[in-house]
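# Coordinates in review
Here is how the chains run, residue by residue.
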Amino acid sequence: MSDLIGILESSLRIASPLIFAAMGGLLCERSGVIQIGLEGLMIVGGFAAAVGALQTGSAAAGLAAAALAGVVFGYVYAELSVRFRANQIVAGTGMNFLAMGLVPFLSKVLYENTGTTPSLPLEQRLSWHWAVVLALGIVAGVAWMIRSTPVGLWIRFAGEHPAALESAGISPRRVRMRSVIAGSALAAMGGAVLSIGLASAYSRNMVAGRGFMALTALIFGKWRAWPALGACLLFGLAEGLQVRFQSGAIPVQLMQVLPYALTLVVLAGFVGRARAPQALGRQD
Amino acid sequence: MRIAPVLKPAAALLTGLALGLLATALAGESPLHVLGVLVRGAFGSRYDLGMTLFYMTPLLFTGLSVSVAFRAGLFNIGAEGQLSLGALAMTWAAFTFPSIPAPLSWAVSMLAGATVAGAWAGIAGWLKARRGSHEVISTIMLNFIAAGLASYAVLNPFKNPETQNPETLAVGASHILPALPGFGDAPVSAALLIGLLMACWLGWLFQHTRWGFELQTVGENENAARMAGIPVERVQIMAMVVAGALASGVGLGEVLGSAHRYKLGFSPDYGFVGIAVALLARGNPFGVIASAFLFGALHKGTTDLDLETEHVTRDLALVIQALIIGAVAAEGLWARLGERLSSRLRSLKGRGGGG
Amino acid sequence: MNAVEIRGLTKAFGSGDSRVVANANVDLVIPAGTIHALVGENGAGKSTAMKMLFGMLEPDSGEIRVNGDRVRFKSPMDAMRSGIGMVHQHFMLAGPYTVLENILLGAESTGPFSRLPLAEAEKRLKSLCDRYSMPVDPHARIEDLPVGMQQRVEILKLLYRDSKILILDEPTAVLTPQEIDALFSNLRRLRDEGRTIVIITHKLKEVLAISDRVSVLRQGRLAGYMETAHATAEKLAEWMVGRKVILSVAAAATAGHGRGEPRLKVQNLLRGVSFEVRAGEIVGIAGVEGNGQTELLRSLLLPEGRSVEILGKDVSKSPASRIRELPVAFFPEDRLRDGLLMDESAERNLLLGNQRNPKFVDRWGVIRKGALDAALERAWHEFDLRPKRRQMASRGYSGGNQQKLVIAREFEHDPKLVVSAHPTRGVDVGAIEWIHRKLMDARDSGAGVLLVSSELDEILALSDRILVLLDGRIVAEYAGGSVDALTIGRAMGGARA
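Below you will find a few notes about this structure. (Residues numbered from 1 in each chain as written. Chains lettered and ligands numbered in written order. Predicted model: local features only at pLDDT ≥ 70, side-chain atom pairs only at ≥ 80, totals over all residues. Heavy atoms only, no water.)

## Concerning the overall build of chain A
When helices and strands are counted, chain A shows 11 helices and zero strands. For chain A, the succession of helices and strands along the chain, N to C, is α-α-α-α-α-α-α-α-α-α-α. Taken against the 2.2 N^0.38 rule, which gives 19 Å for 284 residues, the C-alpha radius of gyration of chain A at 18 Å falls within 12% of a compact globule. By its C-alpha atoms, chain A is 55 × 45 × 30 Å across when sized along the principal axes. Taken across its 284 residues, chain A has 62% of its residues classed as buried. (Helix = DSSP H or I, 4+ residues; strand = E, 2+ residues; numbered from the N terminus. Rg over C-alpha atoms; globule rule 2.2 N^0.38 Å. Buried < 20%, exposed > 50% of the residue type's maximum accessible area, 1.4 Å probe, protein only.)

## A few points about the overall build of chain B
The helix and strand inventory of chain B stands at 16 helices and zero strands. Relative to the 2.2 N^0.38 estimate, which gives 20 Å for 355 residues, the radius of gyration of chain B is 22 Å and therefore close to what a compact globule would have. Structurally, chain B occupies a C-alpha span of about 85 × 60 × 35 Å along its principal axes. The buried share of chain B, taken over its 355 residues, is 56%. For chain B, long-range pairs separated by at least 24 residues make up 75% of all intrachain contacts whose partners lie at least 6 apart in sequence. Only carbon and sulfur atoms are counted for the fraction: they give 66% of the accessible area of chain B, which is about 14100 Å². (Contact = heavy atoms within 4.5 Å. Areas by Shrake-Rupley, 256 points an atom, 1.4 Å probe, with all protein chains shown as cover.)

## Topic: the sheet that holds strand 19 (residues 465–470) of chain C
All names here are of chain C. Here six strands make up an open sheet; going across it, the order is 16-17-18-13-19-20 and the pairing mixed. One side of each edge strand has no neighbouring strand; the edge strands of this open sheet are strand 16 (328–331) and strand 20 (473–479). Neighbour-to-neighbour, the strand axes of this sheet turn through a mean angle of 15°, independent of strand direction. Sheet analysis places strand 13 (residues 282–286) next to strand 19, joined by four bridges and oriented parallel. Looking at the pairing, Ala286 lines up with Val468 of strand 19. (Pairing = 2+ DSSP bridges. Axes fitted to C-alpha atoms, helices over the stretch in contact; angles between N-to-C directions.)

## Focus: the packing of aromatic side chains
This structure, assessed with the given rule, holds 15 aromatic pairs over all chains. For the ring pair Phe157 of chain A and Tyr97 of chain C, a centre distance of 5.5 Å and an interplane angle of 45° mean the geometry is tilted. Taken as a pair, Phe157 of chain A in helix 6 (residues 150–160) and Tyr97 of chain C in the loop between strand 6 (84–87) and helix 3 (99–104) lie in two separate chains rather than in one. Both residues of the pair, Phe157 of chain A and Tyr97 of chain C, count as buried. When the ring centre of Tyr160 of chain C is taken as origin, the NZ or CZ atom of Arg124 of chain C, which lies over that ring, is 4.2 Å away. The lysine or arginine in question, Lys438 of chain C, covers the ring of Phe383 of chain C, its NZ or CZ lying 4.5 Å from the ring centre. (Phe/Tyr/Trp six-rings, centres within 6.5 Å; stacked < 30°, edge-to-face > 60°. Lys NZ or Arg CZ within 6 Å of the ring centre and 35° of its normal.)

## Observations concerning the packing of helix 3 (residues 46–71) of chain B against helix 10 (residues 232–247) of chain B
Residue and element names in this part refer to chain B. Look at helix 3 against helix 10: their axes get within 8 Å of each other, and the N-to-C directions meet at 175°. As summarised for this structure, helix 3 and helix 10 are arranged roughly antiparallel, according to the angle between their axes. Side by side, helix 3 and helix 10 meet where Phe61, Leu64, Ser65, Val68 and Ala69 of the first sit next to Ala239, Met240, Val242, Ala243, Gly244, Leu246 and Ala247 of the second. Of the residues that constitute the contact of helix 3 with helix 10, the class distribution is 10 nonpolar, two polar and no charged. (Parallel < 35°, antiparallel > 145°, perpendicular 65-115°, else oblique. Nonpolar A, V, L, I, M, F, W, Y, C, P; charged D, E, K, R; others polar.)

## A closer look at the pairing of strand 9 (residues 213–218) of chain C
In summary, the side chains of a regular strand alternate between the two faces of the sheet. Residues and elements named next belong to chain C. Alignment of strand 3 (residues 35–39) against strand 9, held across four bridges, turns out to be parallel. Residue pairing across strands places Ala37 opposite Val214, the latter belonging to strand 9. The sheet contact formed by strand 9 and strand 10 (residues 221–227) spans six bridges and is antiparallel. Across the sheet, Val216 pairs through a bridge with Gly224, a residue of strand 10. Connecting strand 9 to the antiparallel partner strand 10 that follows it, the hairpin turn spans two residues, and Gln219 within it adopts a positive phi of roughly 50°.

## Some details on helix 7 (residues 191–208) of chain B
The end-to-end C-alpha distance of helix 7 of chain B, which contains 18 residues, comes to 25 Å, matching closely the 26 Å that a straight helix rising 1.5 Å per residue would cover. All of the buried residues along helix 7 of chain B are Ala191, Leu192, Gly195, Ala199, Leu202, Gly203, Leu205 and Phe206 of chain B. Taken around the axis of helix 7 of chain B, the buried residues stretch over an arc of 165°, which confines them to a single face. Facing away from the buried side of helix 7 of chain B by more than 90 degrees, the exposed set consists of Leu197 and Trp201 of chain B. In this fold, the buried residues of helix 7 of chain B make contact with helix 3, helix 8 (210–220), helix 10, helix 11 (250–259) and helix 13 (285–303) of chain B together with helix 12 (346–351) of chain C. (Expected span 1.5 Å × (residues − 1). Arc of directions from axis to C-beta.)

## Examining unusual backbone geometry
A cis amide bond links Arg386 of chain C with the next residue in sequence, Pro387 of chain C, at an omega value of -5°. In this structure, Pro387 of chain C sits in the loop between helix 13 (369–381) and helix 14 (399–411). If you check the backbone angles, Arg282 of chain B has positive phi at about 50° while not being a glycine. Relative to the helices and strands, Arg282 of chain B is located in the loop between helix 12 (270–280) and helix 13.

## With respect to the interface of chain A and chain B
Taken together, the contacts link 41 residues of chain A with 45 residues of chain B. Of the roughly 3700 Å² buried at the junction of chain A and chain B (both faces included), carbon and sulfur atoms supply 78%. Taken together, the connections running from chain A to chain B amount to one salt bridge. Across the pair Asp315 of chain B and Arg204 of chain A runs a salt bridge, and its minimum N-O distance is 2.3 Å. For the pair chain A and chain B, the interface holds three residue pairs in polar contact (both at pLDDT 80 or more). Listed by contribution, the elements that provide at least two residues to the side of chain A that touches chain B are helix 3 (59–83), helix 4 (88–111), helix 9 (210–220) and helix 11 (252–267) of chain A. (Buried area = accessible area lost by both parts, 1.4 Å probe. Salt bridge = Lys/Arg side-chain N within 4 Å of Asp/Glu carboxyl O. Polar contact = N/O pair within 3.5 Å; in protein donor to acceptor, adjacent residues only side chain to side chain.)

## Here's the deal with the packing of helix 5 (residues 147–160) of chain C against helix 6 (residues 177–192) of chain C
Residue and element names in this part refer to chain C. With their axes 11 Å apart at the nearest point, helix 5 and helix 6 run at an angle of 15° to one another. Taken together, the axes of helix 5 and helix 6 are roughly parallel relative to one another. With respect to the hand of their crossing, helix 5 and helix 6 are arranged in right-handed fashion. Each of Gly148, Gln151, Ile155 and Leu159 in helix 5 lies in contact with helix 6, whose residues at this interface are Glu179, Leu183 and Leu190. Partitioned by chemical class, the residues of the contact of helix 5 with helix 6 number four nonpolar, two polar and one charged. (Left-handed = near helix turned anticlockwise from the far one by under 90°.)

## Quick notes on the pairing of strand 12 (residues 273–278) of chain C
Residues and elements named next belong to chain C. Burial of strand 12 is one-sided: the residues Val273, Phe275 and Val277 facing one way are buried, the residues Ser274, Glu276 and Arg278 facing the other way are not. Here five bridges tie strand 11 (residues 262–269) to strand 12, and the two strands are oriented antiparallel to one another. Residue pairing in the sheet places Val266 in a bridge with Phe275 of strand 12. The antiparallel hairpin formed by strand 11 and strand 12 contains three residues in its connecting segment, where Leu270 sits at a positive phi of about 50°.

## Some details on the sheet that holds strand 11 of chain C
Residue and element names in this part refer to chain C. The strand order 12-11-14-15 describes an open sheet built from four strands, whose pairing is antiparallel. Strands with a single pairing partner mark the edges of an open sheet, and in this sheet they are strand 12 and strand 15 (313–314). Where strand 11 and strand 14 (residues 307–310) come together, four bridges link them in antiparallel fashion. The partner of Val266 across the bridge, within strand 14, is Val308. Here helix 9 (residues 293–301) sits on the sheet and contacts strand 11, strand 12 and strand 14; the angle it forms with strand 11, its principal contact strand, is near 120°.

## Observations concerning the side chain of Thr34 of chain C
Within the secondary structure, Thr34 of chain C is located in the loop between strand 2 (20–31) and strand 3. Those residues in contact with Thr34 of chain C that sit more than four places away from it in its chain are Arg191, Arg195, Thr196, Ile197, Asp212 and Arg213 of chain C.

## A closer look at the interface of chain B and chain C
Listed as interface residues are 20 residues of chain B and, on the opposing side, 24 residues of chain C. Interface of chain B and chain C: buried area, both sides summed, is about 2100 Å²; carbon and sulfur atoms make up 54% of it. Looking only at chain B, the three residues that lose the most surface to chain C are Arg210, Phe213 and Met227 of chain B, adding up to 36% of its buried area. Summed over the shared surface of chain B and chain C, the result is one salt bridge. We note a salt bridge from Glu214 of chain B to Arg356 of chain C, for which the minimum N-O separation is 3.8 Å. Of all the elements in the fold, those that place two or more residues in the side of chain B that touches chain C are helix 7, helix 8 and helix 9 (222–227) of chain B. Ranked by residues supplied to the side of chain B that touches chain C, first place goes to helix 8 of chain B with six residues. For the side of chain B that touches chain C, the class distribution of residues is seven nonpolar, eight polar and five charged.

## Comments concerning the environment of Leu153 of chain A
By the secondary structure assignment, Leu153 of chain A is in helix 6. Assessed through its relative accessible area of 0%, Leu153 of chain A is described here as buried. For the pair Leu153 of chain A and Leu165 of chain A, spaced 12 residues apart in sequence, the C-alpha to C-alpha distance is 9.4 Å. Beyond its immediate chain neighbours, meaning those up to four positions away, Leu153 of chain A contacts Ile146 of chain A together with Glu101, Leu104, Leu105, Glu108 and Leu116 of chain C.

Purely spatial values, then, with no claim about function.
As structure tokens, this is what we get:
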């Protein structure tokens, strides 16, 4: 019994940064902008949170620093992809590279070390209980906003039929800019949960594909908040089980592969259709 | 030779490099010193040049891989996964059939790699053409799956029992590609020549064959391609298969040319850097030669930063790559600025002349 | 009072040689509480004028008054504030969302982050539905509704915003006859309670059935204006078509052709279109656009099982690549979208569609450079392609020269059948005659020619036989030379011949 609770607990822990990032990705993509830069945003957010918490001694400030870094990165990406109509895949790839290069660069400048930031004392870390509560709150908030508020309606139309939004007197570009920036802040906070919540410092390669995993969860959840949460928990569970059953009957590596394989099947439309927002990635 | 196509990438490259170096100034380094280290690190000796060429080799293959897909209007984010499975299959063939004599052995291992990686990429092509799944997302998924499969294979059936390192058995001696002479200890091998040959061959194919024409037409105007009787879906699948096969070429330099075994995690994101290589080359195979060389030099040059500067590390390479990608991506902006400027000039002139 | 008063409205696109005047000095007076029809052929400038009224375009000159006040709209938002609403030809509705959400969009009336006033909106929508007897399920998803119902949602969207002036762009194009009847009675009801309705159309029958007044545009100018009670289909057709017979080759169309073997035979396409094109004749398909031309042309190249015979071969199950191997020339409907690689040189474009032609590509798949050079020379000299620049991207050519490029390429097949869709659309006047002559030369040298065009003059000038396409059916057939524009125009508009 305690074993079961342990597993559930660890999957929630593992899932919490994914949840933030997936919700951030959801805001971007529902508004019609592809966001493959989640990985980079988590890297930047993780680092910024560690720096913020170290400088102020407060986890909340760390979280805020991550959000701020996400806003800055998101703004650059939004300018590139929405205003200058750069190819969103190219721009997103560029943002990932930038994050991967910039963070060790800054880390070296600040701490003479490209590997990890100095370790935070326990009381300055973000309690992962709080992280989980916050993550669930964000899911509820995002789901409610998308479904039930005017802003949510605009975001949905920006991603589905921007011309209709425009003819209703609202600029799809402005909606997209803001969604991307807000979504990027959320994704960066996912990185913060990773560095100052689940660990005590930001360390190199800490994100290790979690941004892409969050994107996968978003798609697996068919671009909806609650199903995406479910996907994040599922991925968390898969990882939690791996840790527990290192030497099980099923090889660990093949277990790791499962979420992606399932998503591929969903993507191919073999299990219901994963319907992307109609205008996703289009520049018009 | 026309100048214009070279001009914009060169501008993007210089912008990226300049901004990157400027950033080092903020870190308290002299940009000139950093530039000096980069240049010396990449070209300072025969050995350094050899290392540059060694790093260039995989980028040549991944750059070509991305370019072929690009040509058909597809975004191959999956070169990373394709190269890892391709190189793995190549390694498998090379340690399973150690007794095949030399020229044939290379053909066998190459073919094994190309087949597996081509089929792997073909999944994404098929999903795109027949099921309408976006190739970017499916290749991302395939990358993760490939990574899992590769690590399973290396740690289990292909494991080298004589070491604790995550690596496979050594390849048969006849499969090893000869090193190029004249670069000291640098592990630059005949793989480079194969890559160069491939680039030239592809450049020729693009320009002078129906295959290249159909690829390009599908990429530029799917409707026109359909109306002209080009089987669009087949071309898309084929483009991905070829892209995958090309990505497997990374194994030539990394496995058959230097490590002689498959080491888990050997690729420092060659597949992703290949995107930057192809972007800078604008999908032109001859351009890929140049841009792979530059990125290879960047890779080699920046590795020396760790030792020769106080505050700047090899990670600068990523920053510069990102800035170059940004400069290429924002090209639309430059073009629009230029247009606006020239139309304003024209209207001024028109008003002046028309009275 | 006049709801809308437009004076001297002028709008041009492009500059220099490619300058096109879409509206020249257009005057429109639309009294409040009337239904006003704005008619004209494709490209006559109807949509441009209405886009300016709706704030989507800004006029170069001229003035617009709404309810007597001079207005300058910068965006549709401004127009909506003045009580103008528009139902676009392509609906502005998002498929996966509900009727209510689509109607509420942009008219939420609450703070951006507060709860959508769905219950309130539903009540209001219900009362609108009842009042105008336009029932619709507020919770249905748009994509589950038939087109007629979607249009109803668009109209309700305007009523929800209480628009006083409703512009409808080609509202009947997508509707069945029953749906059209329902729409018209709704429009009358809206008029009767004082709203003003502008309906853009090119179907004369509908103009006569629904409107109080009618304005006719032709080539960007106002060709006529009258009360519909005094109008006849003949008069309107004359205004629409004009008497602009400027075509010097007209006399060349003669009877006596069409005795050769069938080159194209189609059966039961669309809603029962069957016809033949024989060697040595030009068969013109007249009709207002959107009556099935696109589908007809598409099925000739991508039959996908529909009954099509080309040069005596049943190609109904052949892929396009197989059809492309036959000596057939296709001039696509939209050459920019379907016919050219805009970023490529003339030479590459000459290869398009010829990539399986052994003249251009050898059996190893290698392009014969010499043959391509020769084709470019022919394009320059026989087809008068200008400028003679090898490296220039195709977007650099004028419309006429782009079309010449397409024609030059398609004639490389030595065609025995020519399928030409709108061959002179967007082509400069100088090239029109040249293109017409090419088509006749092809006919005279024994090819069968199918000419699909919305330019009535072109059809009349060239065709040996004329078929009128309306609503996916052939509604009339005439021998060339024996019929005038008015008769055809009426058949095109759905009047009984």
